[in-house]
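Chain by chain, the residues:
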Amino acid sequence: MSGDDRQTYTQSVFKVEREPRRERRSGGTVTEPAREIPVYDEVDVLVIGGGPAGTAAATSAARLGARTMLVERYNHLGGLATGGLVIWIDRMTDWDGKLVLRGFAEEVLDRLPEDAILGPERDLWGSRDERNVDYWSNRFSAHHGIVTWAPMIDPERLKIASDDLAREAGADLVMHAWATAPIMEDGRIKGAILQSKEGRHAVLAKMVVDTTGDGDIFVGAGEAAEDDVQDGSIHHTMNTAWLFGGLEIPRWLEFKMTEKQAFSEFTAKARDRFNQFSLPMPAWRDDVAVFMGPRLSGFSAIDLEDLNQVEHLSRQRMQGLLAFYRDHAPGFENAWVMLTGPQIGVRHSRRLQGLGRMTGTDWKAGVRHADEVGVSPSLAPKFNSVSIPYRSLVARGVPNLLAAGRHMSSDAQTHTFMREIPQCWVTGHAAGAAAALAADAGVDAADVNIADLQAALLKQGAHLRAPETPGGEH
């Protein structure tokens, strides 16, 4: 990593002293009476989770003519890109400046009005000019000395764009409903149980796409999961992000870029006071910044007590950092808390052990898979762009189940970038198209015709490449 990248990714990873776990008066069990659950609807494709992957999956499936339902527990689509305030859309171009994360990912960003997205102009993508790199690195759009397309977006406008695309495609959106369990019969997933203000309902489906982010559905269906992470990585951490408003970002950037000694003293003082440090990320407008940290280590995204502690600890640190920035950071004198993320910032919990698995060994060697359904930028310029194989989205045991988004099948190293928002758009796009084709042909997920799937994705704007050698399966 370059110095700027190390600063971006490691500055605020730290362990905190846990609060005592709440003493619970638990023990024993209760019996839930058997009851008949009314069927809410029957569809071809049921997508569970309306984050980036789920929105893309539902849109692509519906566009292929599948009767599609998207279930989301919150009141909006977009997941961590909107409700989690992950408004920094990580790099979508390769190291030569070519846009490779395309399809739904490109389309949804193109829907945003000019005042809702901020990033380098297209003619700067791939630039190595020092002035351009210096400026855009401080807006988190230049890495390894190269300007990339990694824009900041307005989360509210992304909610609207995501909703519009899914609805225009013909997907049926069911928000304010939590899919609590899969419906299993003879080893197949027949749908899911929903819990909402109306009570419990069942939705039946030919194909199911798990885009919950934590693999809630595929784990409930009996599929195996991995949970290992790289030591010292931010990718196991959690936090609630927030926005500060009332800022003068140009003043902050001038201080950071031109007053090197003063900025170094500022950061040293922050670390001394808090035993932590979190840099603001200039947002889509110059009076707003997002803090995607401090990133809290040692907590689990599938532990109820941990989830509650992370919310509390994040807000405690937000208040301390607000006071510190007001007192010491140029441009932050009138800062105020504009919003804390309605959704907790989870980077990793579980990953599918799928029919195939994305690995560092493959992408470092530049393997192009015969069943490629997307392309991701690599972690560094010395590596080729990364081929995303379809089988990494396919469950091993449940024949009509797919999983896309941050819990797709990969090793821990590959997860560090495949969990990002644009990659989730791409894998969701592929899973939704595959589910629609499978439902239409009456075949299992593993038996989808790859040529047909790739043709459908290309027609919907995806970027794919031909395998370099016959077979391509590695």
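Our subject is the structure listed above.
What you see is a predicted model; the values in this text were computed from it and never measured. Here the residue index of a chain counts from 1 through its sequence in written order. Local features in this predicted model are restricted to residues of pLDDT 70 or higher, and side-chain atom pairs are both shown and tallied only at a pLDDT of 80 or more, whereas totals for entire chains, interfaces and linings draw on every residue. Side-chain numbers here rest on the full set of heavy atoms in the structure, without hydrogens or water.

## What about the pairing of strand S21 (residues 372-376)?
Stated precisely, the cut-off is as follows: Only protein chains enter the area calculation, which uses a 1.4 Å probe; residues under 20% of their type maximum are buried, those over 50% are exposed, and those in between are partly exposed. Numbering of helices and strands starts at the N terminus; helices are DSSP runs of H or I of at least 4 residues and strands are runs of E of at least 2. Two strands are said to pair when DSSP picks up at least two bridges between them.
Counting buried residues in S21 gives five out of five residues, a clear majority hidden from the surface. Alignment of S21 against strand S22 (residues 386-389), held across four bridges, turns out to be antiparallel. Considered in S22, the bridge of Ser376 is made with Val386.

## With respect to the nonpolar core
Keep this limit in mind: In this text, buried Ala, Val, Leu, Ile, Met, Phe, Trp, Tyr and Cys residues form a nonpolar core when linked through side-chain atoms within 4.5 Å. Two residues form a contact once any of their heavy atoms are found within 4.5 Å.
Among the nonpolar cores identified, the biggest contains 85 residues, and Val45, Leu109, Tyr390, Leu402 and Trp425 are the most heavily contacted of them. Of the residues forming this core, the biggest block, twelve residues, is contributed by helix H12 (residues 421-441). Residues contacting Leu109, with those up to four places away along its chain left out, are Ile89, Met92, Ile117, Trp149, Pro151, Ile153 and Trp425. Of all hydrophobic cores here, the second largest spans 23 residues; its members include Leu253, Phe266, Phe291 and Ala329.

## A closer look at the pattern of salt bridges
Rules: A side-chain nitrogen of Lys or Arg and a carboxyl oxygen of Asp or Glu constitute a salt bridge if their distance falls within 4 Å.
As enumerated under the stated definition, the model contains 24 salt bridges in all. Note that Arg35 is salt-bridged to Glu32, the shortest N-O span being 3.6 Å. Assigned by exposure class, Arg35 and Glu32 land together as exposed. With its nearest N and O atoms 2.9 Å apart, the salt bridge here joins Asp41 to Arg67. Here the residue Asp41 occupies a position in strand S2 (residues 39-48), and Arg67 occupies one in the loop between helix H2 (52-63) and strand S3 (68-72), the gap between them amounting to 26 residues. Of the residues examined, Asp41 reaches a relative accessible area of 17% and is grouped as buried. Judged by relative accessible area, Arg67 falls into the partly exposed class, the value being 45%. One network of salt bridges, in which partners are shared, links Glu226, Asp228, Arg351 and Arg357.

## Quick look at the environment of Ala142
As for its placement among the helices and strands, Ala142 is situated in strand S5 (residues 142-143). Residues Ala142 and Ser127, spaced 15 residues apart in sequence, show a C-alpha to C-alpha distance of 9.0 Å. Among all residues touching Ala142, those that are not within four sequence positions of it are Val133, Trp136, Ser137, Val147 and Thr148.

## Description of the sheet that holds strand S14 (residues 242-245)
Strands belonging to one sheet form pairs held by backbone hydrogen bonds; the direction of such a pair is parallel or antiparallel. In spatial order, the strands read S15-S16-S14-S18; together these four strands make up an open sheet with antiparallel pairing. In this open sheet, the two edge strands, each paired with only one partner strand, are strand S15 (281-282) and strand S18 (336-340). Bridging between S15 and strand S16 (residues 288-291) involves two bridges; their strand directions are antiparallel. Across the sheet, Met281 pairs through a bridge with Val290, a residue of S16.

## Observations regarding helix H8 (residues 260-274)
We count it as follows: Under the convention used throughout, the expected extent of a helix is 1.5 Å for every residue step, that is, one less than its residue count. Picture the helix axis, draw a direction to every C-beta atom, and the arc is the one those directions span.
With 15 residues, H8 extends 21 Å between its outermost C-alpha atoms, agreeing within 8% with the 21 Å of an ideal straight helix rising 1.5 Å per residue. Within H8, burial applies to Phe263, Phe266, Thr267 and Ala270. Along H8, the residues classed as buried sweep out an arc of 90 degrees about the axis, all on the same side. The exposed residues of H8 that point more than 90 degrees off its buried face are Gln261 and Asp272. On the buried face of H8, the contacting elements are helix H7 (249-258) and helix H9 (304-328). Remark: Asn275 follows H8 within two positions and exhibits a positive phi of approximately 55 degrees.

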